[in-house]
Amino acid sequence: MKLIGAVSEGSGATNEDGFGWLGTPDDVSAAWILDGVTGINRQNYLGEGTDARWLVAKAHARLAELAARGMPLPSLLEELVAGLIQDFEEASAGKAIPADYDPPAACLVLVKRYGNDWQALRLGDSCLLARDGAGQHRVHAASPNNVLDRWLTREAKKRRDAGMLDMKALLAEFAPRIKQGRAQRNRPGGYSILEARADALAMPEIIDLGRPDRILLCTDGYYRAADHYGLHDDEGLLEASLRGVDKVLAALRAAEAGDPDCSRYPRFKSADDATAVMLAR
């Protein structure tokens with residue numbers, strides 16, 4: 001697989017997304033994207049701008065080493081989580097972490113070649129779109145956490161209609177409900193997510209991709225081009241990304257800029273960090 005394009009752009013002061021790949025641009029052997037979960041703690045404790053950004057940076061560094069090895073994906077995840085637990089223990093040592101601390105988390109999608117076939121590891125609601133040589137498309141985008149996302153969107157719209165536009169104020173008001181939803185992380189009936197805790201091993205998706213001719217990895221901020229703004233359907237997003245992930249990003253940013261109060265396209269955050277990696281034969 002060749003690296004056709006990659007892009008990552010934050011929506012605020014700190015970009016909590018990340019991506020990486022191994023091999024050469026003409027022969028990629030593994031690739032991944034990470035999407036840090038927006039924190040709801042009163043402050044950040046771990047550095048890197050935000051605690052979510054800290055986790056993304058640590059996970060990226062470890063994936064750059066682990067994905068180069070031939071281990072199966074479940075073993076790779078075990079070593080990744082064990083390393084993150086060690087990183088968290090070191091970073092939090094001597095710090096007054098409150099009892100109600102919401103630990104950092106991130107969505108992860110990683111694809112890796114084994115021989116001539118590809119497999120994927122997915123935790124969270126970042127997206128994987130692939131097409132095989134026969135033109136069949138596969139889309140992995142849904143997440144049980146979408147129920148909470150829809151609730152947040154509805155409630156945020158009510159507040160915005162009443163003139164409340166400050167994102168920090170919305171997060172503070174909704175923090176108890178968000179924390180309740182996050183209690184379902186890596187639990188039956190909940191959703192998978194990458195954390196510096198052994199719970200992250202509970203329910204990852206392992207996906208056999210066979211021999212695809214196109215793969216798009218993207219965070220939900222980039223996938224907004226399909227599920228929020230209707231700029232493309234899933235197959236169209238794959239094709240548009242083949243022509244240029246930067247062009248897709250520019251179009252979705254234009255859609256966001258044209259709807260700053262989220263009235264035309266209802267959503268919790270007016271803009272989100274957006275990341276994509278496009279591979280093709």
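Up top is the structure these notes are about.
Residues numbered from 1 in each chain as written. Predicted model: local features only at pLDDT ≥ 70, side-chain atom pairs only at ≥ 80, totals over all residues. Heavy atoms only, no water.

A. Geometry of the packing of helix α1 (residues 51-66) against helix α2 (residues 73-92). At a minimum axis separation of 10 Å, α1 and α2 run at an interaxial angle of 135°. By the angle between their axes, α1 is oblique relative to α2. Crossing angle aside, the handedness with which α1 passes α2 is right-handed. Between α1 and α2, the residues in contact are Trp54, Leu55, Lys58, Ala59, Arg62, Leu63 and Leu66 and Leu76, Glu79, Leu80, Gly83, Leu84, Gln86, Asp87, Phe88 and Ala91, respectively. (Axes fitted to C-alpha atoms, helices over the stretch in contact; angles between N-to-C directions. Helix = DSSP H or I, 4+ residues; strand = E, 2+ residues; numbered from the N terminus. Parallel < 35°, antiparallel > 145°, perpendicular 65-115°, else oblique. Left-handed = near helix turned anticlockwise from the far one by under 90°. Contact = heavy atoms within 4.5 Å.)

B. Spotlight on the environment of serine 11. With respect to the secondary-structure elements, serine 11 resides in the loop between β1 (2-9) and β2 (17-24). Exposure remark for serine 11: the relative accessible area of 40% places this residue in the partly exposed category. What serine 11 contacts, discounting residues up to four positions off in sequence, is Arg253, Ala271, Asp272 and Asp273. (Buried < 20%, exposed > 50% of the residue type's maximum accessible area, 1.4 Å probe, protein only.)

C. Summary view of the state of the cysteines. Inspection of the entire model under this criterion finds zero disulfides. Between cysteine 107, a free cysteine, and cysteine 127, which holds the nearest cysteine sulfur, the sulfur-to-sulfur gap is 9.1 Å. Judged by its relative accessible area of 5%, cysteine 107 falls in the buried class. (Disulfide = S-S within 2.5 Å.)

D. Looking closely at the packing of aromatic side chains. A full pass over the atoms with the stated rule returns four aromatic pairs. Considering the side-chain rings of tyrosine 45 and tyrosine 101, the 5.5 Å spacing of their centres and the 85° angle between planes classify their relative orientation as edge-to-face. Placement of tyrosine 45 in the loop between β3 (27-36) and α1 and of tyrosine 101 in the loop between α2 and β4 (105-114) is noted, with a sequence separation of 56 residues between them. Neither tyrosine 45 nor tyrosine 101 differs from the other in exposure class; each is buried. Through a chain of ring-to-ring contacts, three or more aromatic side chains come together here, namely Tyr45, Trp54, Phe88 and Tyr101. Positioned above the aromatic ring of tyrosine 114, the side-chain terminus of lysine 112 is 5.3 Å from the ring centre. (Phe/Tyr/Trp six-rings, centres within 6.5 Å; stacked < 30°, edge-to-face > 60°. Lys NZ or Arg CZ within 6 Å of the ring centre and 35° of its normal.)

E. Up close: the nonpolar core. In this structure, Trp32, Leu34, Leu63, Leu80, Leu108, Leu110 and Leu194 are the most contacted members of the largest nonpolar core, which totals 31 residues. The dominant element in this core, judged by the number of residues it contributes, is α2, at eight residues. With near-sequence residues (within four places) excluded, leucine 63 lies in contact with Trp32, Leu34, Leu76, Leu80, Leu108 and Leu110. Among the nonpolar cores identified, the runner-up in size contains 23 residues, and Leu216, Ala226, Leu237 and Leu238 belong to it. (Core = buried A, V, L, I, M, F, W, Y, C linked by side-chain atoms within 4.5 Å.)

F. Looking closely at helix α5 (residues 220-227). Among the eight residues of α5, six are classified as buried, and the element is accordingly described as predominantly covered. Along α5, the positions that sit buried rather than exposed are Gly221, Tyr222, Tyr223, Arg224, Ala225 and Ala226.

G. Highlighting the pattern of salt bridges. Enumeration over the complete set of coordinates arrives at 19 salt bridges. Two residues, arginine 214 and glutamate 239, come together in a salt bridge whose shortest N-O distance is 2.4 Å. One end of the pair, arginine 214, is in strand β10 (residues 212-218); the other, glutamate 239, is in helix α6 (residues 234-243), and 25 residues separate them in sequence. The class of arginine 214 is buried, set by a relative accessible area of 16%. The partly exposed category is assigned to glutamate 239, whose relative accessible area is 24%. One salt bridge in this structure joins aspartate 259 and arginine 267, with 2.7 Å as the shortest N-O distance. In the salt-bridge network here, residues are joined through shared partners; they are Glu9, Arg224, Arg253 and Glu256. (Salt bridge = Lys/Arg side-chain N within 4 Å of Asp/Glu carboxyl O.)

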